[in-house]
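For reference, the chains in residue letters:
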Amino acid sequence: MTTPTHENKRNERGRFSKGASGNSAGRPPGSRNKATILMEELMEGEGGAITRKAIEQALRGDSQALRLCLERIYPVRKERLIDLPLPDVQTVQDARAALSAILTAVGNGQITPGEGETLAAIVESQKRAIVAQDWESRLEELEKTVQTEKGGRR
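Each chain carries its own residue numbering, running from 1 in the written order of its sequence. Note on the predicted model: pLDDT of at least 70 is required for a residue's local features to be given, and 80 or more for side-chain atom pairs to be given and counted; whole-chain, interface and lining totals, by contrast, use all residues. Processing note: side-chain calculations cover all non-hydrogen atoms of the structure and skip hydrogens and water entirely.

Colleague: What am I meant to see in the nonpolar core here?
Modeller: Note that soluble globular proteins tend to have their nonpolar side chains buried in a common cluster. Formed by Leu-84, Val-89, Ala-95, Ala-98, Ile-102, Ala-105, Ile-111, Leu-119, Val-123 and Ile-130, the largest nonpolar core amounts to 10 residues. Helical segments are the DSSP runs of H or I of at least four residues, strand segments are the runs of E of at least two, and each set is numbered from the N terminus. When residues of this core are traced back to their parent elements, those giving at least two are helix 4 (92-108) and helix 5 (113-152). The biggest single contributor to this core is helix 4, with four residues. Working rule for contacts: check all heavy atoms of both residues, and any pair within 4.5 Å makes them a contact. Among all residues touching Ile-102, those that are not within four sequence positions of it are Leu-84, Leu-86, Ile-111, Gly-116, Leu-119, Ala-120 and Val-123. What is meant by a nonpolar core is a set of buried Ala, Val, Leu, Ile, Met, Phe, Trp, Tyr and Cys residues, joined one to another through side-chain atoms within 4.5 Å. Exposure is judged per residue with a 1.4 Å probe applied to protein chains only, and the accessible area is read against the type maximum: over 50% gives exposed, under 20% gives buried, and values in between give partly exposed.

Colleague: Explain the packing of helix 2 (residues 47-59) against helix 3 (residues 63-73) to me, please; I cannot follow it from the model alone.
Modeller: Packed helix pairs are specified by the crossing angle of their axes together with the interaxial distance, meaning the distance between the axes. To get an axis, fit a line to the C-alpha atoms, keeping to the stretch in contact for a helix; angles then go from 0 to 180 degrees between the N-to-C directions. Helix 3 packs onto helix 2 with a crossing angle of 125° between their chain directions and a minimal axis gap of 7 Å. Taken together, helix 2 and helix 3 sit at an angle that is classed as oblique. Helix 2 and helix 3 meet at a crossing whose hand is left-handed. Contact with helix 2, carried on its side by Ala-54, Ile-55, Gln-57 and Ala-58, involves Ala-65, Leu-66 and Cys-69 of helix 3 and no other residues of that element. Class assignment of the residues belonging to the contact of helix 2 with helix 3 gives a composition of six nonpolar, one polar and no charged. Angle categories: roughly parallel below 35 degrees, roughly antiparallel above 145, roughly perpendicular from 65 to 115, and oblique for all the rest. Crossings are sorted by hand: turned counterclockwise from the far helix by less than a right angle, the near helix makes the crossing left-handed, and turned clockwise it makes it right-handed. Residues are grouped as follows: Ala, Val, Leu, Ile, Met, Phe, Trp, Tyr, Cys and Pro are nonpolar; Asp, Glu, Lys and Arg are charged; every other residue, Gly included, is polar.

Colleague: Looking at this model, I keep getting lost on a negative patch on the surface. Mind explaining?
Modeller: Patch membership is restricted to residues that have no salt bridge and whose relative accessible area is over 30%. Joining uses 9 Å for like charges and 5 Å for the nonpolar side chains Val, Leu, Ile, Met, Phe, Trp and Tyr. Each accessible area is a Shrake-Rupley result for a 1.4 Å probe, and residues are judged covered by the shown protein chains and nothing else. One speaks of a salt bridge when a side-chain nitrogen belonging to Lys or Arg is within 4 Å of a carboxyl oxygen belonging to Asp or Glu. In this count, Lys and Arg are taken as positive residues and Asp and Glu as negative ones, while His and the chain termini are left out. Lys charges are placed at NZ, Arg charges at CZ, Asp charges at CG and Glu charges at CD. Among the surface-exposed residues, Glu-136, Glu-140, Glu-141 and Glu-143 lie close enough to one another that they form a single negatively charged patch. Considering the arrangement of structural elements, one finds Glu-141 in helix 5. The partly exposed category is assigned to Glu-141, whose relative accessible area is 48%.

In structure tokens form, the structure reads like this:
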């Protein structure tokens, strides 16, 4: 009995094709890294003592310990809630009004330009959905009209 070679799983550049890495079984889903498991076993029962030591060092003025403690207690916020009243976007005109409100808020410093960009993208996405729905409705109406005309000309 011969074992299949890896050569037939490789592409013309000698690299494995997608899904044919030579280890068809692969790493099982949900399996954990051995180093992580070992670290957890070493730390078991010591987490409280290590945390207390880090807090003590932070209180003594150790800036790295202080930063470590603060990062765990109060992590850096990646985004904030935006309190900006916008109109309900049901039409293209509503989208224009919402974009105008966003631009005004950025100009007045109520929100950052990045937040404005994010909100504008959301409004633009809603506008595209409205336009697509409008086109779909028009196409259905046109198809009904064509069918009616075809049926009446026999």
